Amino acid sequence: MEDLRLSEPMKPRLSVGKIILGTVLALLTGALFPVLAMYQALLPMAVPGVATMVSVALAVSYGWGFAALLWIVGLAMALFGMGPALAAAAMLMCGAPSAVIILSIRKRQPFFAQLRSALAACLGGTVLAVAVAAAFYGSDMVGRLMEEFQKLYESILPQLWESYRDVLRAAGTMTTYEEFTAPFYSMLRLVKIYYETYLAADLLSGAIWTAALSTLWGNWLAARRGMATKESFAGLHEWRLPANLTWGILMTLAAAFALKYTSVPGAGAAWAAVEKLSMTAFTLQALGANDRRLKSGGASVSRRVTSVVLLMVLGGVAVPMVLGSSVTTLLGVIGAVSAVFGRYGALRPWMDKHKNDMNGSGR
């Protein structure tokens, strides 16, 4: 009976209420797509693609037609709100990868094969999106972007000055318009410096999070409906970096770190991208190791999920305040140690052999 069920295509049987809910979710997410895409691209951190994740969830739980509705509405809103060029970039970054992920889930491919294709689709879509945006804005994308922000500030600041001028005078603060606006323009300069160094890094690491979360969530939803196989769904406790990938990441980090201190143009941005991508990979390793520890200790699924949420959400606030670094940097360091020295670490075979040799007669 189970084999027959797994051979069936993923076509959920929907009640009228679920059809309404799926339609509302698709329409709402599609309507918000331009805003979600802008946040994904421009927030000063790695942001996963919310629209991509929702479309995957809709396809698995409600049917592919709801995901298609989301992207039809999303494309229309993007064309209306962003113009053809940026709409194309946004769809390459968010829409195209979702189709690849949904197709892999529906075919019930082995989980880590799904994850590899999702990573390729998300990273490739992001690179193509940047190429389209560069063709539209020119080589100085960040400069053009800052010009748009400056125009926005210049239209808003006079109104803010009129609102605050009397309040400042009543408080005994004699501030000129130039002094009032100086912090805003200083912030713009800092934002420009940040984007010149970290924009590509944030986009690429956000693409990794999109691929990982979409694949995990989509297959988990399929597993809940009994439509996944042992091969097509792997819980977080099964996630670990292969030894060859661990060594590759570490060697790339070392090369990028050395490049950072040269006078090669773009060296800083290259280091930022490699560092963020590496920390993202090692953060996933750390989360997997933590989940394995909790599972071996008999923790419930709800406790394990709560642990991941607390690590990523609360840690993202508390850790930077105390240590001055992001939670992904801290977890990345822990994950790097796990990937090298952990139970399944890259050095574990050598360590076990060395330990056996030390305990043997040839010590």
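Before any of the text, the structure's been laid out above.
In this report, we go over the structure that sits alongside the text. (Residues numbered from 1 in each chain as written. Predicted model: local features only at pLDDT ≥ 70, side-chain atom pairs only at ≥ 80, totals over all residues. Heavy atoms only, no water.)

Regarding the overall build of the protein chain
Phase 1: Looking only at helices and strands, the protein chain features 12 helices and zero strands.
Phase 2: Listing every helix and strand of the protein chain by position from the N terminus yields α-α-α-α-α-α-α-α-α-α-α-α.
Phase 3: With the principal axes as the frame, the protein chain shows a C-alpha extent of 80 × 65 × 40 Å.
Phase 4: Counting over 363 residues, the protein chain shows a buried share of 39%.
Phase 5: Surface accessibility of the protein chain: about 20,000 Å² in total, with carbon and sulfur atoms responsible for 68%.
Phase 6: Distance from the positive charge centre (30 side chains) to the negative charge centre (19 side chains) of the protein chain: 13 Å. (Helix = DSSP H or I, 4+ residues; strand = E, 2+ residues; numbered from the N terminus. Buried < 20%, exposed > 50% of the residue type's maximum accessible area, 1.4 Å probe, protein only. Areas by Shrake-Rupley, 256 points an atom, 1.4 Å probe, with all protein chains shown as cover. Lys, Arg positive; Asp, Glu negative; His and termini not counted. Charge placed at Lys NZ, Arg CZ, Asp CG, Glu CD.)

Remarks on the nonpolar core
Phase 1: Core analysis: the largest hydrophobic core is formed by 32 residues, its most contacted members being Phe-33, Leu-58, Leu-70, Trp-71, Met-93, Met-146 and Tyr-195.
Phase 2: Secondary-structure elements contributing two or more residues to this core are α2 (16-42), α3 (50-61), α4 (64-106), α5 (111-137), α6 (141-170) and α7 (177-224).
Phase 3: Here the element with the most residues in this core is α4; it accounts for 12 residues.
Phase 4: If you look at the next biggest cluster of nonpolar residues, it comprises 15 residues, including Ala-57, Leu-221, Ala-222 and Ala-228. (Core = buried A, V, L, I, M, F, W, Y, C linked by side-chain atoms within 4.5 Å.)

A closer look at α5
Every α-helix winds through 3.6 residues per turn, so residues three or four apart in the chain are directed the same way.
Phase 1: Over its 27 residues, α5 runs 38 Å from end to end, which matches the ideal 39 Å to within 8%, given 1.5 Å per residue.
Phase 2: Of all the residues in α5, the buried ones are Phe-111, Gln-114, Leu-115, Ala-118, Ala-121, Cys-122, Gly-125, Thr-126, Ala-129, Ala-133 and Tyr-137.
Phase 3: Summarising the contacts, the buried residues of α5 are in contact with α4, α6 and α7.
Phase 4: Gly-138 sits one or two positions beyond α5 and adopts a positive phi of about 95°. (Expected span 1.5 Å × (residues − 1). Contact = heavy atoms within 4.5 Å.)

Some points on the side chain of Thr-29
Phase 1: Relative to the helices and strands, Thr-29 is located in helix α2.
Phase 2: Here Thr-29 falls in the buried class, since its relative accessible area comes to 10%.
Phase 3: A polar side-chain atom of Thr-29 sits 2.8 Å from the main-chain carbonyl oxygen of Leu-25. (Polar contact = N/O pair within 3.5 Å; in protein donor to acceptor, adjacent residues only side chain to side chain.)

Observations concerning the packing of α2 against α7
Phase 1: Across the interface, α2 lies against α7 with an axial gap of 8 Å and an inter-helix angle of 120°. When the axis of α2 is compared with that of α7, the two are oblique. Residues Gln-40, Ala-41 and Leu-42 of α2 form the contact with α7, whose participating residues are Tyr-195, Leu-199, Leu-203 and Thr-210.
Phase 2: Looking at the contact of α2 with α7, its residues break down into five nonpolar, two polar and no charged. (Axes fitted to C-alpha atoms, helices over the stretch in contact; angles between N-to-C directions. Parallel < 35°, antiparallel > 145°, perpendicular 65-115°, else oblique. Nonpolar A, V, L, I, M, F, W, Y, C, P; charged D, E, K, R; others polar.)

Observations regarding the pattern of salt bridges
Phase 1: According to the stated counting rule, one finds two salt bridges in the structure shown.
Phase 2: Note that Asp-202 and Lys-276 form a salt bridge whose closest N and O atoms lie 2.3 Å from each other. Here Lys-276 lies in helix α9 (residues 267-296) and Asp-202 lies in helix α7, a separation of 74 residues in the sequence.
Phase 3: Where Asp-291 meets Arg-304, a salt bridge forms, and the shortest distance between an N and an O atom there is 2.9 Å. Placement of Asp-291 in helix α9 and of Arg-304 in helix α10 (residues 301-323) is noted, with a sequence separation of 13 residues between them.
Phase 4: The class for Asp-291 is buried, based on a relative accessible area of 5%.
Phase 5: The class of Arg-304 is buried, set by a relative accessible area of 13%. (Salt bridge = Lys/Arg side-chain N within 4 Å of Asp/Glu carboxyl O.)

Examining a negative patch on the surface
Phase 1: Among the surface-exposed residues, Asp-140, Glu-147, Glu-148 and Glu-196 lie close enough to one another that they form a single negatively charged patch.
Phase 2: Mapped onto the secondary structure, Glu-147 falls in helix α6. (Patch = residues over 30% accessible without salt bridge, like charges linked within 9 Å, V, L, I, M, F, W, Y side chains within 5 Å.)

Comments concerning the environment of Ala-212
Phase 1: Secondary-structure assignment places Ala-212 in helix α7.
Phase 2: In this structure, the C-alpha to C-alpha distance between Ala-212 and Ala-255, residues 43 residues apart in sequence, is 26 Å.
Phase 3: Aside from chain neighbours lying at most four places away, what touches Ala-212 is Leu-115, Trp-239 and Leu-284.

Some thoughts on the environment of Val-191
Phase 1: For Val-191, the position within the fold is in helix α7.
Phase 2: For Val-191, a relative accessible area of 26% gives the class partly exposed.
Phase 3: In this structure the C-alpha to C-alpha distance between Val-191 and Thr-280, which are 89 residues apart in sequence, comes to 23 Å.

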